[in-house]
Amino acid sequence: MGTGSSKNPDCSSSHGSDDREDQGGGQLYVSLKMEENSYLLKSELIPHVYGSVPLVGSWDPSKALAMERESSSMWELSFVVPPNHETLDFKFLLKPKYSNSPCVVEEGPNRLLTGGTLQGDARSAVFRLSGGEVLLEYRVFIKADRVSPFDLAASWRAYQENLQPSTVRGIPDVSMNSVPESGTENCSSASLELDLEHYVVPAPTTSANSGLLYAANMTETPRSLSHANAFSKAAGGASHPVSIGVPTERPATIKEMEVIVPDPTIVYSSSGIVESKSVGTLSSLQKQDGQRGLFVDRGVGSPRLVKSPSLTTFTVDQNVHSEAKNPIPAAAGAVAAAAVADQMLGPKEDRHLAIVLVGLPARGKTFTAAKLTRYLRWLGHDTKHFNVGKYRRLKLGTNQSADFFRGDNPEGIEARNEVAALAMEDMIAWMQEGGQVGIFDATNSSRKRRNMLMRMAEGKCKIFFLETICNDRQIIERNIRLKIQQSPDYAEEPDFEAGYWDFRSRLDNYEKVYETVEEGSYIKMIDMVSGHGGQIQVNNISGYLPGRIVFFLVNTHLTPRPILLTRHGESRDNVRGRIGGDSVLSDTGEVYAKKLANFVEKRLKNERAASIWTSTLQRTILTANPIVGFPKIQWRALDEINAGVCDGMTYEEIKKNMPDEYESRKKDKLRYRYPRGESYLDVIQRLEPVIIELERQRAPVVVISHQAVLRALYAYFADRPLKEIPHIEVPLHTIIEIQMGVSGVQEKRYKLM
Ligand SMILES: Nc1ncnc2c1ncn2[C@@H]1O[C@H](COP(=O)(O)OP(=O)(O)O)[C@@H](O)[C@H]1O
Ligand SMILES: O=P(O)(O)OC[C@H]1O[C@@](CO)(OP(=O)(O)O)[C@@H](O)[C@@H]1O
C-alpha cells in the first residue's frame, strides 16, 4: 500500500504517485521528518508541527504535536489524516525544552498537502532566533501514503491493545512509523542477485514444513497398539513419524516441568489474588507472602532475590528448590493465571477439556484440530490430538472403500463406533493422568455418536463440539483433491480418479446421515476460509480456555501469505558480546539492513499491502529503515527478552560475577527468569497477541525482531516443543520465510550474508 509515493526500484529517490489513485478511499498517512545539521546548537529546541486540522492543534501552538528524535540528527512525526480532511495546512515550530520562552514558528508560507501530494517543494524549515539574528535551517522530508481502512484498523487495534508508556524509554509500545527512503542511495554495496533462489539455504530438519505432511499422521497412536510395531505398516508406516515436520513430542508436561503450587486454600483465603507459579516451592519468605494471598510467578533461578513484605531490602532465598509436592494439573508456567485459576477453582471435571470436532469429510477438521493443538501447546497447555481416522487405519487397515462408510452398513457402523470409543477412552485415560486438553477429531456427524461421547465424558471432563461447515463448492472440491493426495487412505491407490470417485461416494454416504450440532456446548465455524465473510456461532461456551479458543478461531483463516522473520542486522552490542541493551547497528549490520531492504523489495514486489513490524529497540528500527513502500509498526511485545540486572553484560561477565545465575540459566533456560527481567516463558506469554495478529493478517508481514523473540515465534509456526525454544537456532542475517497456506505451514530460509 502507498507504494506509489515511495517505491524506489532503481535506488533513486522518486516520489511518484502512480498507483495512488486506484487505492482511493483510504486515509492519509503522513510522515514528517526534519534533519538538524548541528545537534549541539539545537538540542534545547524541540521541533513541533501545528496546522489546520484538530489532530495537529488547529493552529494553536500550545496543542502542536511534538516530533520525536529518531536519531542524533533526525526528528520524526507520523500521523493519519481522516478522509474528510485531505487538505492539510501546517507549519513547523520550535519549542524550548526547559524554559517558558515563546516558541518560534518557521519562516515562509504554510505548507500544504492535498490528497496526499505536497504542494510545492519540501523546502527547508528556516527559523529566526534571537530577534532575527540567528537563522536555523533544517532539511525537511515529507511523505504521504494512502492507508487502507483494513490496515489502519489492524494497526490501530494492535496499538490499542498494546499501548502503554514504556517504562524503559518512555515511548509508546506500538506506534506507526513510515521512514523515507534515505539510506538507499548506497544500495549498490548491498545489492542482491536478481534471483533470490541464489540465497536459499536448507531449513533445519525439524522445520515448519507441516504442509508437506498429512496432519492426521502426527496425532496420537492407540495405547493398546502403541507397542505393537506390526501395526505401523497398516498405517502407512506413520505411527511414529520421525522425519521432518511437526514433532509428535508433546510439550513439557507437569511432570517434566515440576509445576508446584501452594495449597489453594491458602492462595484464596485472603485477598483472592490468583497465582500463576511456574516452578519451585514455597520458601518461608514466599509463605509469608502467601498468607497475604499474593504470590509471584518467579520462574526459576539461582537463590532468588526475594522481597519480603516486612523488609525493604532484598534477601537471598536459598530454599526455593527445597520442597516439591502437590502438582497442579496442567499449568506449565507459560499458562496465564486465569487458566490456572479455572483449573484450581472449578469443578474437577472442568480441569480437563475435550474439544470434539464435528463435520463432513474434507471440511478442515483435522487441519483445524492440528492448528489448535499447536497453539495450545505453544501457550503451555498440555494438549493432545486424537484422530479417529488414524485409529481406524491402525486397527482395520487403510483400504476401506466407500461402502464401509454407508449409513446402512451395520458392520461398518459398529467398527467405526468401536474405534471412536477406543480413541475416546484413550483420551479420557490420558486426561486422568493429568492431560489438560484433548482434541477428538472425527466426523462425529450423528447425534447418536455425539451422545455416546458425552456419556463417556460425563464427570470426567468438560466437553464442547467444534463443527466446521463449508458451503463453498469450489473449496470443497479443492479440499477433496488435497485429501486424495495426502490421506494414507489413498496412498496405495495409483489411480487418482478412482480415489476421487471413491472419496466422493464416501462423502455422499456421510451426507445422508449428517446431523448438524444443536445440542450441548458448541462452536460452529461456518465458511471460515478467507478471513472475511465467514461466521462463528457460539452456544453455551464459558471459561477461560474455551474463550481463548473462540478468539483464536475467529482470527485464523487460510489465505496464503508469507511471514518473513528476521533478526536485526548485527548490532554494536552483538560485536562486543553484550546482551540486551539498545545499541545501533555495526557496519556489517548496516549492510544487512540495506540487503534486507533490497530483498523485501524483490520478494514482495507484487504485494500491494504488506507491513513491516519491528520492536521498539533501535537495532530493529534501524534495520527496517532502508525498507521503503510499506508501513512500519513498532511493537513493544517484539522487544528482546529482558535480561534484567544482566542487561548490558557479556555471558562471560555473568558467569564470573553471578555464577549462580549463570548456572541456573544453563540448567533450565526455558523457565529461568533474569532477576528483574524475563524468562522465555514470559516472552511467550507476551507474544500471544502478536501470534493472533499474524494469524489474522491476510497480507505479508516482515517481522524484524530479536533472537529470543524469534525463537518463540518460530516455535509456534514450526510446532516445536516448549523446552526446545531457547535452543532453536536463529542466525543473524538470515530470513526465515513462513508460508501460510491451505495445506499448512512451509518454511524456506534465505541467507543474505
Ligand atoms: N474451516 C475450513 N473450511 C473449509 N476448508 C478448510 C477449513 N480449514 C481447513 N480447510 C481446508 O480443508 C482441507 C482438508 O482438511 P482436513 O482437515 O483434512 O479435512 P477433514 O478432517 O474435515 O476431513 C485442508 O487442507 C484445508 O485446506
Ligand atoms: O537466550 P539467549 O540464548 O541468551 O539469547 C537471547 C540474547 O540474544 C541477544 C544477542 O546475544 O539478542 P539480540 O541479537 O537481539 O541482541 C541478546 O540481546 C539476548 O539476551
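Residues numbered from 1 in each chain as written. Chains lettered and ligands numbered in written order. Predicted model: local features only at pLDDT ≥ 70, side-chain atom pairs only at ≥ 80, totals over all residues. Heavy atoms only, no water.

1. Let's talk about the site of ligand 1
Here is the rule: Residues are classed as near a molecule or strand on a simple rule: at least one heavy atom within 4 Å of it. Under the rule applied, a polar contact is a pair of N or O atoms within 3.5 Å (in protein, one hydrogen donor and one hydrogen acceptor; residues adjacent in sequence only if both atoms are side-chain atoms). All accessible-area figures derive from a Shrake-Rupley calculation using a 1.4 Å probe, and residue coverage is judged against the displayed protein chains alone. Labels follow the DSSP assignment, with helices taken as runs of H or I lasting at least four residues and strands as runs of E lasting at least two, numbered in each case from the N terminus.
Around ligand 1 there are 17 residues in total, and A362, K365, F367, K483 and V742 lie nearest to it. Taking A362, its main chain carries an N or O atom lying 2.8 Å from an oxygen atom of ligand 1. F367 is positioned such that a nitrogen or oxygen atom in its backbone is 2.7 Å from an oxygen atom of ligand 1. When isolated, ligand 1 has an accessible area of 570 Å², and the protein chains bury 95% of it. Among the secondary structure elements, those contributing two or more residues to the shell around ligand 1 are α8 (365–379) and α12 (473–486).

2. A word on the side chain of S571
Rules: Two residues form a contact once any of their heavy atoms are found within 4.5 Å.
By the secondary structure assignment, S571 is in the loop between β22 (561–567) and α15 (572–576). Here the side chain of S571 touches N574 through a polar contact of 2.9 Å, landing on its backbone nitrogen. Once you skip the residues sitting within four places of it in the chain, S571 turns out to touch S583, V584, L585, S586 and R619.

3. Let's talk about the packing of α8 against helix α21 (residues 707–718)
So the rule is basically this: Axes, fitted as lines to C-alpha atoms, cover a helix only where it is in contact. Angles between the N-to-C directions of the axes lie from 0 to 180 degrees. Oblique is the label for any angle not covered by the other classes, which are roughly parallel (under 35 degrees), roughly antiparallel (over 145) and roughly perpendicular (65 to 115). What makes a crossing left-handed is the near helix being turned counterclockwise from the far one by less than a right angle; a clockwise turn instead makes it right-handed. Residues were grouped as follows: Ala, Val, Leu, Ile, Met, Phe, Trp, Tyr, Cys and Pro as nonpolar; Asp, Glu, Lys and Arg as charged; and all remaining residues, including Gly, as polar.
α21 packs onto α8 with a crossing angle of 150 degrees between their chain directions and a minimal axis gap of 9 Å. Considering the angle they form, α8 stands roughly antiparallel to α21. Every pair of crossing elements has a handedness; the one defined by α8 and α21 is right-handed. Two secondary-structure elements touch here, α8 through K371, R374, Y375 and W378 and α21 through A712, A715, Y716 and F717. Residues belonging to the contact of α8 with α21 are distributed by class as follows: six nonpolar, no polar and two charged.

4. A closer look at unusual backbone geometry
Backbone geometry at N540 places phi at a positive 55 degrees, although glycine is not the residue there. Mapped onto the elements, N540 comes out in the loop between β21 (535–539) and α14 (544–555).

5. Notes on the pattern of salt bridges
Cut-off, in case you're wondering: A carboxyl oxygen of Asp or Glu within 4 Å of a side-chain nitrogen of Lys or Arg is what we treat as a salt bridge. In this scheme, a residue with accessible area under 20% of its type's maximum is buried, one over 50% is exposed, and one in between is partly exposed, where area comes from a 1.4 Å probe on protein chains only.
Counted under the stated rule, the structure contains 29 salt bridges. Here R123 makes a salt bridge to E106, at a shortest N to O gap of 3.7 Å. Linking R123 in the loop between β9 (117–119) and β10 (125–129) with E106 in the loop between β7 (104–105) and β8 (111–114), this pair joins segments that are 17 residues apart in sequence. With relative accessibility at 2%, the residue E106 sits in the buried group. In this structure, R392 engages D489 in a salt bridge whose closest nitrogen and oxygen atoms are separated by 2.9 Å. Within this pair, whereas R392 is found in helix α9 (residues 388–396), its partner D489 is found in the loop between α12 and α13 (496–513), the two being separated by 97 residues in sequence. Residue class for R392 comes out buried when judged on its relative accessible area of 7%. Among the residues examined, D489 registers a relative accessible area of 11% and is labelled buried. Through salt bridges that share partners, R392, R393, D489 and R506 make up one connected network.

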